[in-house]
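Each chain is listed here by its residues.
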Amino acid sequence: MEKIKKYSKVIYILWLRQLKRYSRSRARIIGSLAQPVLFLVAMGFGFGPIYQKAGGGNYIQFIAPGIIAMSIIFTAMFGGMEVIYDRQFGFLKETLVAPVPRWTIMLGRTFGGATVSTLQGVAVFLIALIIGFRPENIFIAPLALVYMALVATSFTALGTAIASTMEDMQAFPLVMNFLIMPLFFLSGALFPLTGLPKAIQIIIRVNPLSYGVDGIRGILTGQMHFAYHTDFFVLFIFTSLALAVGSYLFSKIEV
Amino acid sequence: MNIIEVKNLVKKFDDIIAVDDISFSVEKGKIFAFLGPNGAGKTTTIKMFTTLLQPTSGKILINGFDPVTNSDDVRCSFGIIFQDPSLDDELTAFENLEFHGVLYDVPKKIRRERINELLKIVELESRKNDLVKEFSGGMKRRLEIARGLLHHPKIIFLDEPTLGLDPQTRNHLWSYIKDMNEKEDITVFFSTHYMEEADRMSDRIAIIDNGKIVAEGSAEELKTKTASATLEDAFLKLTGKAIREEGANAVDKLRKMSRLWRR
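Summary of the structure given here.

Criteria and cut-off values
- Here, residues in each chain are numbered from 1, in the same order as that chain's written sequence.
- Written order decides the labels, with chains lettered from A and ligands numbered from 1.
- Selection of residues for local features in this predicted model requires a pLDDT of at least 70, selection of side-chain atom pairs for listing and counting requires 80 or more, and totals for whole chains, interfaces and linings are taken over all residues.
- Here the rule is simple: two strands pair whenever DSSP picks up at least two bridges between them.
- Think of it this way: any DSSP run of H or I at least four residues long counts as a helix, any run of E at least two long counts as a strand, and we number them from the N terminus.
- Under this scheme, a helix contributes an axis fitted over its contacting stretch, all axes are lines through C-alpha atoms, and angles between N-to-C directions fall in the 0 to 180 degree range.
- Buried Ala, Val, Leu, Ile, Met, Phe, Trp, Tyr and Cys residues form a nonpolar core when they are connected through C-beta atoms within 7 Å.
- To assign burial, the other C-beta atoms lying within 10 Å of each residue's own C-beta are counted, with C-beta atoms placed from the backbone; 20 or more indicates buried, 12 or fewer indicates exposed, and intermediate counts indicate partly exposed.
- By the convention adopted here, residues make contact when the C-beta atoms placed from their backbones lie within 7 Å.
- Classes in brief: Ala, Val, Leu, Ile, Met, Phe, Trp, Tyr, Cys and Pro nonpolar; Asp, Glu, Lys and Arg charged; the others, Gly included, polar.
- The span expected for a helix works out to 1.5 Å for each residue beyond the first.
- Orientation categories follow fixed angle ranges, with anything under 35 degrees roughly parallel, anything over 145 roughly antiparallel, 65 to 115 roughly perpendicular, and all other angles oblique.
- Each crossing gets its handedness from the near helix: less than a right angle anticlockwise from the far helix is left-handed, clockwise is right-handed.

**Comments concerning the sheet that holds strand S8 (residues 204-209) of chain B**
All names here are of chain B.
Stage number 1. With mixed pairing, the six strands of this open sheet are ordered in space as S5-S6-S7-S3-S8-S9. At either margin of the open sheet sits one strand with a lone partner, and together these are strand S5 (78-81) and strand S9 (212-217). Here the average twist between neighbouring strands, direction ignored, is 15°.
Stage number 2. Sheet topology places strand S3 (residues 31-35) next to S8; four bridges connect them, and they run parallel. Across the sheet, residue phenylalanine 34 finds its bridge partner in S8, namely alanine 206.

**A word on the nonpolar core**
All names here are of chain A.
Stage number 1. Grouped together as the largest cluster of nonpolar side chains are 132 residues, with contacts concentrated most on Ala69, Ile73 and Val151.
Stage number 2. With 18 residues, the top contributor of residues to this core is helix H3 (residues 59-89).
Stage number 3. The contact partners of valine 151, leaving out residues within four places of it in the chain, are Ala69, Ile72, Ile73, Leu209, Gly212 and Leu235.

**Regarding the interface of chain B and chain A**
Stage number 1. Each side of the interface is counted separately: chain B has 24 residues, and chain A has 21 residues.
Stage number 2. When residues of the side of chain B that touches chain A are traced back to their parent elements, those giving at least two are helix H2 (71-75) and helix H3 (93-103) of chain B.
Stage number 3. Top element by residues in the side of chain B that touches chain A is H3 of chain B. It accounts for three residues.
Stage number 4. Here the residues of the side of chain B that touches chain A sort into twelve nonpolar, four polar and eight charged.

**Some details on helix H5 (residues 102-131) of chain A**
Each turn of an α-helix holds 3.6 residues, which means side chains three or four residues apart point in the same direction.
Residues and elements named next belong to chain A.
Stage number 1. Between the first and last C-alpha of H5 there are 43 Å, a value that for 30 residues agrees with the 44 Å anticipated at 1.5 Å per step.
Stage number 2. Most of H5 is tucked away: 21 of the 30 residues are buried.
Stage number 3. Backbone geometry just after H5 places glycine 132 at a positive phi near 130°.

**Observations concerning the sheet that holds strand S2 (residues 16-27) of chain B**
Residue and element names in this part refer to chain B.
Stage number 1. Here we have three strands laid out as an open sheet, ordered S2-S1-S4, and antiparallel in their pairing. The open sheet terminates on both sides in strands that have one partner only, identified here as S2 and strand S4 (57-62). Strand after strand, the sheet turns through a mean of 15° between neighbouring axes, direction not considered.
Stage number 2. Looking at chain direction, strand S1 (residues 2-13) and S4 are connected through five bridges and run antiparallel. Its bridge partner being in S4, valine 6 is matched across the sheet by isoleucine 60.

**Focus: the environment of glutamine 83 of chain B**
Residue and element names in this part refer to chain B.
Stage number 1. Looking at the element boundaries, glutamine 83 is found in the loop between S5 and H3.
Stage number 2. For the pair glutamine 83 and threonine 162, spaced 79 residues apart in the sequence, the C-alpha separation amounts to 9.4 Å.
Stage number 3. Ignoring sequence-local partners within four residues, the contact set of glutamine 83 consists of Thr43, Asp159 and Glu160.

**Here we look at the packing of helix H6 (residues 144-164) of chain A against helix H10 (residues 228-251) of chain A**
All names here are of chain A.
Stage number 1. Contact geometry for H6 and H10: axes closest at 8 Å, N-to-C directions at 25°. In terms of their interaxial angle, H6 and H10 are classed as roughly parallel. The hand of the H6/H10 crossing is left-handed. Where H6 approaches H10, its residues Tyr147, Leu150, Val151, Thr153, Ser154, Ala157, Leu158, Thr160, Ala161 and Ser164 are matched on the opposing element by Asp231, Leu235, Phe236, Phe238, Thr239, Ala242, Leu243, Val245, Gly246, Leu249 and Phe250.
Stage number 2. A class-by-class count of the residues in the contact of H6 with H10 yields 14 nonpolar, six polar and one charged.

The structure is reproduced here in structure tokens:
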């Protein structure tokens, strides 16, 4: 009992640290909103007429949930990879010698990063509303937070796991181009999943982000490819796995 | 009773042997100085004590626990002031201290008292709510020291704590440490390049060079053994007069390089 109290305090203070850092860097907040807004406007309005003509309906309505998911996964992966900055600036050592198991440190960081990413997703949702996105049922819409939070947590944990094995930011472009980008583009965030070539379908099925996009889209617009429980189940398993692997790799860090 | 026990400790980074089969022990409640030229292996040894690095071979016991197998118990036993920066620049001075206090489970009342007291000692009270990124190098160093003393563990590791401090702050710092040592029986394990400091403060000294312990004993014993008037002379006689490569960094660089080659 005593231990649980102590551990939750540690998780809380690390969570708080991530939030404070985020709220203090206005440039980062604005910077990370610019990209999703650009996607929303350029893609949404650019492909809108064609999508409409093909019988898909309103494209903004379709991609807004995808772009929300995109902003979450980008922020989450970056947030997780902050471990590298902390390593370079030395602060990581301070947390690594703390008198608590290292998984508590990892959880605190991850929950902090996940909260930040979820907030980022909510901000994109609000911007989408201004651009013309209309959720099917505004009272059900908050349920999307469940899927958003799962995506945020799993990808922050994944970012932490990757960063735990890296010394500096040099390998970051690799992660960006070979992991984050493919995950996003092959998730159904930008296009419907029906009638795709078999190979692409398989890739989309093994991409955990597809289920996040699907869950968020299902709740916000009623359009779905999988099912709520499938999405939840897959995301839940993936999140647990990412947290487990992330904690393990984080606890093995040497500085 | 020995609170630190080291037996045949070895640390290799690929081909470089940073710590080469060292054995020694530190008695509980003593102030122990760990001296050596740059790159001798001091920081590497401290990192292994504090669960930040895994030894290649050999055995360490910190407060009776092995850092390799019981790292959580070891971490509950010590506090450390690092040689290089480890503050969060995006937080204020107070937040850095508060964060540390929570992390180390210092009860709120004591925590606030100590934060105020320590900020006074390092003369940063007036800057308490400023972001650390606005601080000068010296101020950061002082804050770091205040943070390291915020909780009172069984052992405190100080890796060149007084480097770059003015004599006033150094004095305050040592009287605080001495006080902790006497009143709470806290073992102090420190490294320094100031021989006069080691002479004055320590009960016992070990000198490490090229990864090996070359001498061990009290300051007096080392002086007698080498027939020197000062500890500085004794140190030079034991380790030679050649200037060393910039130590830990050189090893770090080599480590990085060898990693690159492996890829």
